[in-house]
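Analysis of the macromolecular model
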Amino acid sequence: MSKNHLVALNGSVHPLEEIPVLDFEIFQQAILDSAKDNNKLVCLTSDQGQRAFAVMADQTSKSFKVFQSIFPETFPSLTTRFLQANLFEREIAEQWGLQPIGHPWLKPLRFHKQWTSDQYSLPWTLGDPGAQDFYNIFGDEIHEVAVGPVHAGIIEPGHFRFQCNGEQVFHLEIVLGYQHRGIERALVGGPHQLSLKMMETVSGDATIGHSWAYLNLLEALAGFQISDRSSVIRALALELERLANHVGDLGALAQDAGFQPTSAYCGRLRGDFLNLTAEICGSRLGRDLLSLGRANFDIHPEYSQKMLKQLSEVEVDLLESIELLWNTSSVASRLEGVGIVSKENALELGMVGPAARASGVDIDARRDFPLAPYDIIPLPVALEDSGDIYARAKIRATEIKTSIRFVRSALNAIQNMESSTVAPETEYLPKLAPNSLAISAVEGWRGMIFHLAITDTNGHFERYKIVDPSFFNWQGLALAMQGENISDFPLCNKSFNLSYCGFDL
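Note on numbering: residues in each chain are counted from 1, in written sequence order. Reporting in this predicted model follows two pLDDT cut-offs: at least 70 for local features of residues, and 80 or more for side-chain atom pairs to be given and counted; totals over whole chains, interfaces and linings ignore these cut-offs and use all residues. Hydrogens and water molecules were not included; the side-chain quantities draw on all heavy atoms of the structure.

1. Examining the domain arrangement of the protein chain
Selection rule: The start and end points of each domain follow an automatic or database-based domain assignment. By definition in these notes, contact holds between two residues if any of their heavy atoms fall within 4.5 Å. Summed over both partners, the accessible surface that disappears when two parts come together, traced with a 1.4 Å probe, is what is meant by buried area.
Segmentation of the protein chain into domains returns domain 1 (6-129) and domain 2 (183-504). Placing a centre on the C-alpha atoms of domain 1 and another on those of domain 2 gives a separation of 25 Å. If you look at the interface, domain 1 gives 39 residues, while domain 2 gives 39 residues. The junction of domain 1 with domain 2 conceals about 3300 Å² of combined surface from both sides, 64% of it contributed by carbon and sulfur atoms.

2. Re the sheet that holds strand β14 (residues 436-444)
Our working definition: By the convention used here, strands pair only if DSSP detects at least 2 bridges between them. Note on conventions: DSSP H or I runs of at least 4 residues are helices, E runs of at least 2 residues are strands, and numbering of each starts at the N terminus. Comment: axis = line fitted to C-alpha atoms, over the contacting stretch for helices; angle = value between 0 and 180 degrees taken between N-to-C directions.
Ordered by their spatial adjacency, four strands build an open sheet running β2-β14-β15-β16, and the pairing between neighbours is antiparallel. Since the sheet does not close on itself, it has two edges, and those belong to β2 (13-15) and β16 (461-467), each with one partner. Neighbour-to-neighbour, the strand axes of the sheet open up by a mean angle of 15 degrees, direction not taken into account. Across three bridges, β2 lies against β14 in antiparallel orientation. From the neighbouring strand, V13 faces β14, where its bridge partner is A438.

3. Focus: the packing of aromatic side chains
Short version of the rule: Only rings of Phe, Tyr and Trp enter the pairing, Trp through its six-membered ring, and a pair is recorded when the two centres are within 6.5 Å. The plane angle decides the type: under 30 degrees is stacked, over 60 is edge-to-face, the rest tilted. Charge-over-ring contacts are defined here by two conditions on Lys NZ or Arg CZ: a distance within 6 Å of the ring centre and an angle within 35 degrees of the ring normal.
Within the structure shown, the criterion is met by 20 aromatic pairs. Ring centres of F88 and F471 lie 4.9 Å apart, and the angle between their planes is 40 degrees; on these two criteria the pair is classed as tilted. Here F88 is found in helix α2 (residues 86-96), whereas its partner F471 is found in helix α14 (residues 470-480), with 383 residues between them in sequence. Each member of the aromatic cluster is reached from another via a ring pair, and the members are F160, F162, W474, F489 and Y500. Its guanidinium or amino end placed over the ring of F503, R110 lies 5.4 Å from that ring's centre, counting from NZ or CZ. Of note, K465 hangs over the ring of F471, and the distance from its end group to the ring centre comes to 5.8 Å.

4. Concerning the layout of surface pockets
Convention followed: Points on a 1 Å grid, built from protein atoms alone, make a cavity when a 1.4 Å probe fits but cannot get out and make a pocket when they are open with protein on both sides within 12 Å along at least 5 of 7 lines; residues with an atom within 4 Å of a point are the lining residues. Grid points are joined across faces, edges and corners, and a volume is the space filled by probe spheres set on the points. In the scheme used here, Gly and all other residues not listed as nonpolar or charged are polar, with Ala, Val, Leu, Ile, Met, Phe, Trp, Tyr, Cys and Pro taken as nonpolar and Asp, Glu, Lys and Arg as charged.
As a volume, the largest pocket reaches approximately 1100 Å³. Secondary structure elements with two or more residues in the lining of the largest pocket: α5 (207-222), α6 (228-256), α7 (260-281) and α15 (489-496). Taken together, the residues of the lining of the largest pocket sort by class into 22 nonpolar, 14 polar and nine charged. Along the wall of the second largest pocket there are 29 residues; nearest its centre are N86, R90, W105, Q475 and A478. When contributions to the lining of the second largest pocket are tallied by element, the ones reaching two or more residues are α2, β11 (168-175), α10 (343-349) and α14. Within the lining of the second largest pocket, the residues separate by chemical class into 17 nonpolar, eight polar and four charged. Two domains each put at least three residues into the lining of the second largest pocket: domain 1 (6-129) and domain 2 (183-504).

5. Some details on the sheet that holds strand β9 (residues 142-147)
In space, the three strands of this open sheet follow the order β9-β10-β11, with antiparallel pairing throughout. Here the strands that pair on one side only, and so sit at the sheet edges, are β9 and β11. Strand-to-strand, the axes of this sheet are offset by a mean angle of 20 degrees, without reference to chain direction. Alignment of strand β10 (residues 159-165) against β11, held across seven bridges, turns out to be antiparallel. Opposite F162, over in β11, you have L172 as the bridge partner. The strands that α14 touches are β10 and β11; relative to β11, the one it contacts most, it runs at about 160 degrees.

6. Points about the environment of D388
For clarity, the threshold we go by: Between N or O atoms, a polar contact is any pair within 3.5 Å; within protein, one atom must be a potential hydrogen donor and the other a potential acceptor, and residues adjacent in sequence are included only when both atoms are from side chains.
Mapped onto the elements, D388 comes out in the loop between α12 (365-368) and α13 (389-414). Sequence separation of D388 and K494 is 106 residues, and the distance between their C-alpha atoms is 12 Å. For D388, the side chain forms a polar contact with the side chain of S386, separated by 2.8 Å.

7. Remarks on empty space enclosed by the protein
Within this structure, the stated rule accounts for three cavities of 30 Å³ or more. Here the largest cavity is characterised by a volume of approximately 60 Å³. Along its surface, the largest cavity is lined by V352, P354, A355, R396, W445, R446, N473, S495, F496 and L498. Taken together, the residues of the lining of the largest cavity break down into six nonpolar, two polar and two charged. Within this model, the second largest cavity holds a volume of roughly 50 Å³. Listed by contribution, the elements that provide at least two residues to the lining of the second largest cavity are α12 and β14. The greatest single-element share of the lining of the second largest cavity, amounting to three residues, is contributed by β14. Taken together, the residues that form the lining of the second largest cavity break down as nine nonpolar, no polar and two charged.

Next up, the structure:
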């Protein structure tokens, strides 16, 4: 423990009394000092609007720095000095009615009532995301384009407000909050029988990522150890989830660029990866695959061989279809130099995942804060530096190859491990460490998924905080559209492919 913070490893649990309680001014300065050391703010939150907790990710030491203070009702905003605090401060103001003085644009995130009262905490919040002020640019040739929240096809709701001069976008404001489900609030007092089910639906296409983050945290609080075989099955499922989504994204990018061969191939091959997961547990999304202290389903030798055969067959078609994408000049002209996010801006926003790595930000929780088996089966981190749509597509293509290699290694390794992952007949809820804090990070396919839990004197959740990678990356999409043609928005949006429900907690 440092003099002003606690050093915590991924999946660790610590008594709250071990975390120094700082004066609030010192607390904020400690965050700024940590940021100067290139640490990333992964969480800034409060429990019941009283205690303040900040968690900074330190890649160098592969650990997290946890700071604690007491929130005053009003406090000087960090946002103008440290942009990564922006959305966290807006969330704190909305949830608890605390006011960050000097915040440049203190708008609600999810348009719900204050958690500690039946009132809306911000003056213009009417419970309706559309009934609010928007950023406006004025001029004779300026016009406004409003897209959503209802979109064509099967898609979640989100509103995009463009300020344009002709086709050129000067500013994009993204408004979410149309479907907040109260997941974090429902977890208070838990864990409950349905807590894991809720984690599987935080963001449905990241079922394994959020489930693993939750179980890693819960196992720390309960003092559980899981077998090597269970860890490998979890990682295998996570990489299959990554593969299905990356392949689907490349197909969607090809479709929006008007290139049907790769679009058609990837659309089919995405289903093949989903089916590999379904053959393990019966669910294409991996529902019910993971459970406390174990994996619910084993992978027997005959099935490992079957999966390896299917994987090799899919890999041939997949790599050929992706190569078609890169070798088609008309596709490259639509992707290169469009939707650029610089490395400086990506760092300033705190972006994560493929979107950050496409801008040259070297960050990946599988390497930086590894859970087993990533600590013994390391994965290379894919990096690009142009920060455009093309780079975000290339990152996905590189990670597809890496994940296929990992899945192949994991399937071979499982055959030599003791089989001990069959679920017991009865479910139960464990007794958790009281008055403690636990943290968990998993590199989901969109980026780092971060969970934090604080328990009360009875060992129940007093606060449960979820930070989906989309929480940071939606800001990156808005920035990427500045100066671009509005007709490039579908491609730019697909290159990020962010989660609405992962944001609207």
